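Structure at a glance
Next come the chains, spelled out residue by residue.
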Amino acid sequence: MSVNKEVKKITTHTIQKMKSNGEKISMLTAYDFSFAKIFDNAGIDIILVGDSASNVMAGHETTLPITLDQMIYHAQSVVRGIERCLVVVDLPFGSYQGNSKEALNSAIRIMKETGGHSVKMEGGEEVVESIKRIISTGIPVMGHLGLTPQSIYKFGTYTVRAREEEEALKLKKDALLLQEAGCFAIVLEKIPATLAKEVTESLQIPTIGIGAGCDCDGQVLVMHDMLGINTEFKPRFLRQYMNLNDSITSSVKQYISDIKSKDFPNQNEQY
Ligand code: KIV
């Protein structure tokens, strides 16, 4: 039987056990109560309250504008919807880069005010002191390397990262630093599959890939992309499981038409 099916509540220990047993880890973003409830009931291992909320919920071009208060609102809604999965909450841009005290205060607010189970932070060596300080207070941290969208203005593009040797070497070093610092898992975003495989094999802690190939210990997608709510975003790594945009559009069109034609509401739909 899989580790996933044995447990009532997924913890960071379950996630570690899944890596040891070779069981792949499933992670999906969610930002509200209703979708979190559906994903949890479906058996997802981890819900990430991603700062991608800035894009898909608030309509910003980047993840930079979302605030800590807004992340807390989304995380509170998600936590009310779940019973079993592990909830990871992104620390948003500007809430942890200043210094380790600021980072700790932000992480503590997330834990106290949302009931989430852990936080995620982007970066390697640059944020390792903050990660250590947060973990020392008992808050689990998930790392995030490769394409780190909070640094988009430094990268200048959303293209694949660490294709060149220098960046690949730094990423491998950072992954080991994050493991030594005590991170319970690391997201690897948009890096060559061969590099992700090498990093995954070099670590005791699990890697969760997005656009990082099949050898990561788990996979994550943004819910709006995998359910086909977004229509414009179609990177190679994305597998779209539904076309919810089309389904919603035709349902709303039907609803409008039923109202206009006086078909809705009918005799049975009134008091
Ligand atoms: O914010 C987010 O959705 C993320 C995933 C892309 C990993 O960080």
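Residues numbered from 1 in each chain as written. Predicted model: local features only at pLDDT ≥ 70, side-chain atom pairs only at ≥ 80, totals over all residues. Heavy atoms only, no water.

Section: the packing of helix α6 (residues 100-114) against helix α7 (residues 128-136)
Each pair of packed helices can be summarised by the angle the axes make with each other and by the distance between the axes. Selection criterion: What counts as an axis is a line fitted to C-alpha atoms, over the stretch in contact for a helix, and the angles between N-to-C directions run from 0 to 180 degrees. Only DSSP runs of H or I covering at least 4 residues are called helices, and only runs of E covering at least 2 are called strands; the numbering of each starts at the N terminus. Any angle between 65 and 115 degrees counts as roughly perpendicular, while under 35 counts as roughly parallel, over 145 as roughly antiparallel, and the rest as oblique. Handedness of a helix crossing follows the sense of rotation of the near helix relative to the far helix, less than a right angle counterclockwise being left-handed and clockwise being right-handed. The contact rule is simple, with two residues in contact once any of their heavy atoms fall within 4.5 Å.
For the pair α6 and α7, the least separation of the axes is 8 Å and the interaxial angle reads 45°. In terms of axis orientation, α6 runs oblique to α7. Helix-helix and strand crossings are classified by hand; for α6 and α7 the assignment is right-handed. Each of Ser100, Lys101, Ala103, Leu104 and Ala107 in α6 lies in contact with α7, whose residues at this interface are Glu129, Ser130, Arg133 and Ile134.

Things to note about the side chain of Asp258
With respect to the secondary-structure elements, Asp258 resides in helix α12 (residues 244-260). Aside from chain neighbours lying at most four places away, what touches Asp258 is Asp263 and Phe264.

Focus on the nonpolar core
Rules: To define a nonpolar core, start from buried Ala, Val, Leu, Ile, Met, Phe, Trp, Tyr and Cys residues and group those joined through side-chain atoms within 4.5 Å. Only protein chains enter the accessibility calculation, which uses a 1.4 Å probe. A residue is then buried if its area is under 20% of the maximum for its type, exposed if over 50%, and partly exposed in between.
Counting 76 residues, the largest nonpolar core has Ile46, Ile47, Ile134, Met142 and Leu188 as its most contacted members. Considering every element that reaches this core, the biggest residue donor is helix α5 (residues 68-81), with six residues. Apart from residues lying up to four places away in sequence, Ile47 is in contact with Leu28, Thr29, Ala30, Ala36, Phe39, Val78, Ile82, Cys85, Leu86, Val87 and Val88.

Things to note about the sheet that holds strand β1 (residues 25-29)
To be explicit about the condition: Strands are labelled as partners when DSSP assigns at least two bridges between them.
Taken in spatial order, the eight strands line up as β1-β2-β3-β4-β5-β6-β7-β8 and close into a barrel, and their pairing is parallel. Going across the sheet, the axis of each strand differs from the next one's by a mean of 25°, ignoring polarity.

Describing the domain arrangement of the protein
Interface size is often expressed as the accessible area that is lost when the parts come together. Under the convention used in this document: Domain delimitation follows an automatic or database domain assignment.
Looking at the assigned domains, one finds that the protein contains domain 1 (3-240) and domain 2 (243-271). With centres defined by C-alpha atoms, the gap from domain 1 to domain 2 works out at 38 Å.

Side note on the packing of aromatic side chains
What counts is decided by this rule: Each Phe, Tyr or Trp ring (for Trp, its six-membered ring) is paired with any other whose centre lies within 6.5 Å, and the angle between the two planes then decides the class: stacked below 30 degrees, edge-to-face above 60, tilted in between.
Under the criterion given, the structure shown has three aromatic pairs. Judged by centre distance (5.8 Å) and plane angle (40°), the ring pair of Phe35 and Phe39 falls under tilted. You can see Phe35 and its partner Phe39 sitting in helix α3 (residues 33-42), four residues apart, about one turn around the helix. Residue Phe35 is classed as partly exposed on the basis of its relative accessible area of 26%. Judged by centre distance (6.5 Å) and plane angle (70°), the rings of Phe233 and Phe237 are edge-to-face. Classification of Phe237 by relative accessible area gives partly exposed; the value is 26%.

Looking at the site of the ligand
What counts, and what does not: What makes a residue near a molecule or strand is one non-hydrogen atom of that residue sitting within 4 Å of it. The term polar contact refers here to a pair of N or O atoms within 3.5 Å; inside protein, the definition further demands a hydrogen-donor-capable atom paired with an acceptor-capable atom, and it admits residues adjacent in sequence only when both atoms are side-chain atoms. With residues, only the protein chains shown are counted as cover, and all accessible areas are computed by Shrake-Rupley using a 1.4 Å probe.
Every residue near the ligand is listed here: Thr29, Leu48, Gly50, Asp51, Ser52, Asp90, Lys120, His144, Val187, Glu189, Ile210 and Val222. Take Lys120: an N or O atom from its side chain is 2.9 Å from an oxygen atom of the ligand. Taking 260 Å² as the accessible area of the ligand by itself, protein coverage stands at 95%.

Observations concerning the environment of Glu167
With respect to the helices, strands and loops of the structure, Glu167 is situated in helix α9 (residues 165-181). According to the relative accessible area criterion, Glu167 is partly exposed, its value standing at 29%. Distance in space between the C-alpha atoms of Glu167 and Gly146 is 9.0 Å, their sequence separation being 21 residues. Residues within four places of Glu167 in sequence aside, it is in contact with Arg161 and Ala162.

Considerations on the pairing of strand β6 (residues 185-189)
The buried fraction of β6 amounts to five of the five residues, a majority that puts the element mostly inside the structure. Across the two faces of β6 the burial is the same, with Ala185, Val187 and Glu189 and Ile186 and Leu188 all buried. Bridge analysis of strand β5 (residues 141-146) against β6 gives five bridges, and the strand direction is parallel. Across the sheet, Gly143 pairs through a bridge with Ile186, a residue of β6. Across four bridges, the pairing between β6 and strand β7 (residues 207-210) is parallel. Along β7, the bridge assignment pairs Ile186 with Thr207.

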